[in-house]
Structure formats: structure tokens, C-alpha cells
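Chain residues, written in single-letter form:
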Amino acid sequence: TWHLKKIPQIVRERTFSLDSPKFEAKPKLELNSVCGIECQRKLPVPSLSDLKNLLSYETVFENGTRILTEVNVLGAVLDPAANTTTRRPLRRKRQIYGTDSRFSIYDKRFMTNFPFNTAVKISTGCSGILVSPKHVLTAAHCLHNGKDYVKGSKRLRVGLMKTKSRGNGLPSFQWTRVKSTHIPKGWFKGVSGDIALDYDYAVLELKRPHKRKYMELGISPTIKMMPGSMIHFSGFDNDRSGQLVYRFCSISDESNDLFYQYCDAEPGSTGSGIYLRLKEPNKKKWKRKIIAVYSGHQWVDINGEQQDYNVAVRITPLKYAQICFWIHGNDGNCTQG
């Protein structure tokens, strides 16, 4: 069942104008030497002032102007015990683990219907997921490398699958311009000293609303609370050009902010929304909700050794509050997750 949680409040405190970005960074789809599972376990619980700093955010508008919004966090529960995780055996392989278990979705009835039609393509080469009539959730590193915005993110566009596919059955896209982009300050290198995968998420606001069904946000449960500890996501993997690729797999490890899993995925699917299907409380209905953002294939440091995993950023109550605030512009609609 989806458990209701009380959500902390994120409140806008001050806004500053910043210089326009250069938009010169090279997009990087694979990140190296990030804080791995062991390192995550040793991280201190962020203080309230840390959280205010990490959850403050930059907004870039389509005309190149940029602002920084400082926030206050109210009602956050700082849980020192949450970083302990279940251990599972480690494996060393590549982005495709053993037999490739991805499914290409060719049938138009599936492709243009929920939940598959919530997957979108981002013009910098990533995927994303529709989270409101005019907002898309994706990975921060699809737009920013920690120091500067990537080339091509100045004229950012989002591709929604059209109902009419091309003659060969592959989807064609209707491209919509992006009005503004929000990225948490925790993603920027100057703040955390290194790239902080925990904050590898961003929200794009579209210039024009779409009329499709989108997927709601959910709070990421622990592995134990997932049916078969299985997650699902769809995106546009580079090695299957123009195809929508769906996969599901189980999670092998978790920290407070990240899932480590062996879902088969290639670059291009980065930024996809990872979802679960659970029962609505006190109802017979099942509901799919987004519980994480796929951050991609990462090399992480475990016991001094480089291991590779496919990593996803969990939607914690704090991240739920922030993303919800970005979507609604206030926290009035974001009290229960």
C-alpha cells in the first residue's frame, strides 16, 4: 500500500539575480568516482542549515537569465538511522547485466497510452517523465555538469510521443520548448565539494501545457515495502534509436537517498522516472507513482574498489516537497505525499 507521509515545507526566502550561464559544458552520461554505498553509509546526517543550502535552487529561463532562490525548510525530520541498508552480494558487470531484459515498445496502443506515454525525450540526449500538465522530471546532469550548463541546454526542448508513428513503427515526437529549468543547489560542485548524486534531479517547465495523462509523485518506500522489490521505467536508450524501451528489475541495495540496481539500461534512458504500482490506502484501486529518477550507470567507490551500478535518486519526503513546490509554485498542495 502507498503510505501517506507528512511532508516537510519548503518556503521561498530570498531570490537573487545571477549572471547568465555560459552553456559550454560537455554533456556527460557516465559519472565517475561518486560517493558509493560505503561512503553514503558514513555520511553525516545533514543539519537544517545544510538542507537549506542544498535545497536552495537555480532557475534558468529560456532567454538565458538565471536566478537563485534561497529556501527555508520547516518540519523536516532528520533521521540519523536511515542510512543503514541491507547488504546483498556485489557483482561487477556493465550496463547490460547478463541477458538483456529490455523490451522495446512498438505497439501504438501501448506507446501512446499510460504509463508509457508519460516518458519524454530531452533534446540534450536524455529521457524524462511528465509530472504535471506542464512539468517534466529528469536528471540534473542532463542539463548541468556541476559547474556549468551543458551545450544545447540553452534552447532546451522536450519531445512527446505522437499518436502517429513513422512508417517503420518507430515513434515520432512533437517537440515543445522549455520555459524554465530548476536545479537544486546540492547538485553544484562548489556546494558539496564533489558531485552529489543525491541531488541529481531537475524539473523543466514547458512553454505550452500538454493534454496527456501524467504520473504523480510518490515517496520512495524502502526495498522491504515494494512488491518483489521491483521497479519499472521507460526511456529512450541510445542503442535502440527512436524506440521506447521499458524494463523492470529488483533493487539490490539502498541508502537514504539512492537505489542501487541492475536494471539493464544504456545512456539515453538517464533521467527516466522510476515507478511502482501499489494499492491506494482504503481503496481497491492500484496506482502507479514515480518514486525515483534514474541517474544512469555510475562507477562508485566500495571498500576502496570501483564497482559499477545503475543508480537512481530516491524521492524522499524532502525531495517530494521541493519538486511539488516547483510544480505548484507554493507548498499548499504538497502537505501529504
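Residues numbered from 1 in each chain as written. Predicted model: local features only at pLDDT ≥ 70, side-chain atom pairs only at ≥ 80, totals over all residues. Heavy atoms only, no water.

Caption draft 1: Just the overall build of the chain, in detail. A count of helical and extended segments in the chain gives 5 helices and 18 strands. Per-residue burial for the chain yields a buried fraction of 54% across its 337 residues. Accessible surface, the chain: about 15,100 Å² in total, of which carbon and sulfur atoms supply 51%. (Helix = DSSP H or I, 4+ residues; strand = E, 2+ residues; numbered from the N terminus. Buried < 20%, exposed > 50% of the residue type's maximum accessible area, 1.4 Å probe, protein only. Areas by Shrake-Rupley, 256 points an atom, 1.4 Å probe, with all protein chains shown as cover.)

Caption draft 2: Representation of helix α5 (residues 317-328). In this model α5 runs 16 Å from its N-terminal to its C-terminal C-alpha over 12 residues, within 8% of the 16 Å that 1.5 Å per residue would give. Counting buried residues along α5, 10 of its 12 residues qualify, which places the element largely inside the surrounding structure. Those residues of α5 not exposed but buried are L318, K319, Y320, A321, Q322, I323, C324, F325, W326 and I327. One or two residues past the end of α5 sits G329, with phi positive at roughly 80°. (Expected span 1.5 Å × (residues − 1).)

Caption draft 3: The arrangement of the nonpolar core in detail. Counting residues in hydrophobic clusters, the biggest one holds 67 residues, and the most contacted among them are L55, L137, V158, Y201 and L217. Looking at this core, the element that brings in the most residues is α5, giving 8 residues. Within the second largest apolar cluster, 17 residues are counted, among which are M226, F259, I274 and Y294. (Core = buried A, V, L, I, M, F, W, Y, C linked by side-chain atoms within 4.5 Å.)

Caption draft 4: Quick look at the confidence of the model for the chain. Mean pLDDT over the chain: 80, with 77% of residues reaching 70 or higher. Note on residues 81-95: pLDDT is under 50 here. Beyond four places in sequence and across chains, it has 45 contacts. (pLDDT = per-residue confidence, 0-100. Contact = heavy atoms within 4.5 Å.)

Caption draft 5: Summary view of the pattern of salt bridges. Within the structure shown, the criterion is met by 9 salt bridges. When the shortest N-O distance is used, the salt bridge between K134 and E205 registers 3.3 Å. With K134 in the loop between β7 (126-132) and β8 (135-138) and E205 in strand β11 (residues 202-206), the pair connects residues that are 71 residues apart, well separated along the chain. E205 is the partner of K179 in a salt bridge, and the nearest nitrogen-oxygen pair spans 3.5 Å. In this pair, K179 is assigned in strand β10 (residues 173-184) and E205 in strand β11, connecting sequence segments 26 residues apart. Take K179: its relative accessible area is 37%, and that puts it in the partly exposed class. One connected set of salt bridges, linked through shared partners, spans E62, R177 and K207. (Salt bridge = Lys/Arg side-chain N within 4 Å of Asp/Glu carboxyl O.)

Caption draft 6: Quick peek at the environment of F16. Along the chain, F16 turns up in strand β1 (residues 9-18). Among the residues examined, F16 registers a relative accessible area of 34% and is labelled partly exposed. In this structure the C-alpha to C-alpha distance between F16 and E58, which are 42 residues apart in sequence, comes to 9.5 Å. Beyond its immediate chain neighbours, meaning those up to four positions away, F16 contacts R66, I67, L68 and E70.

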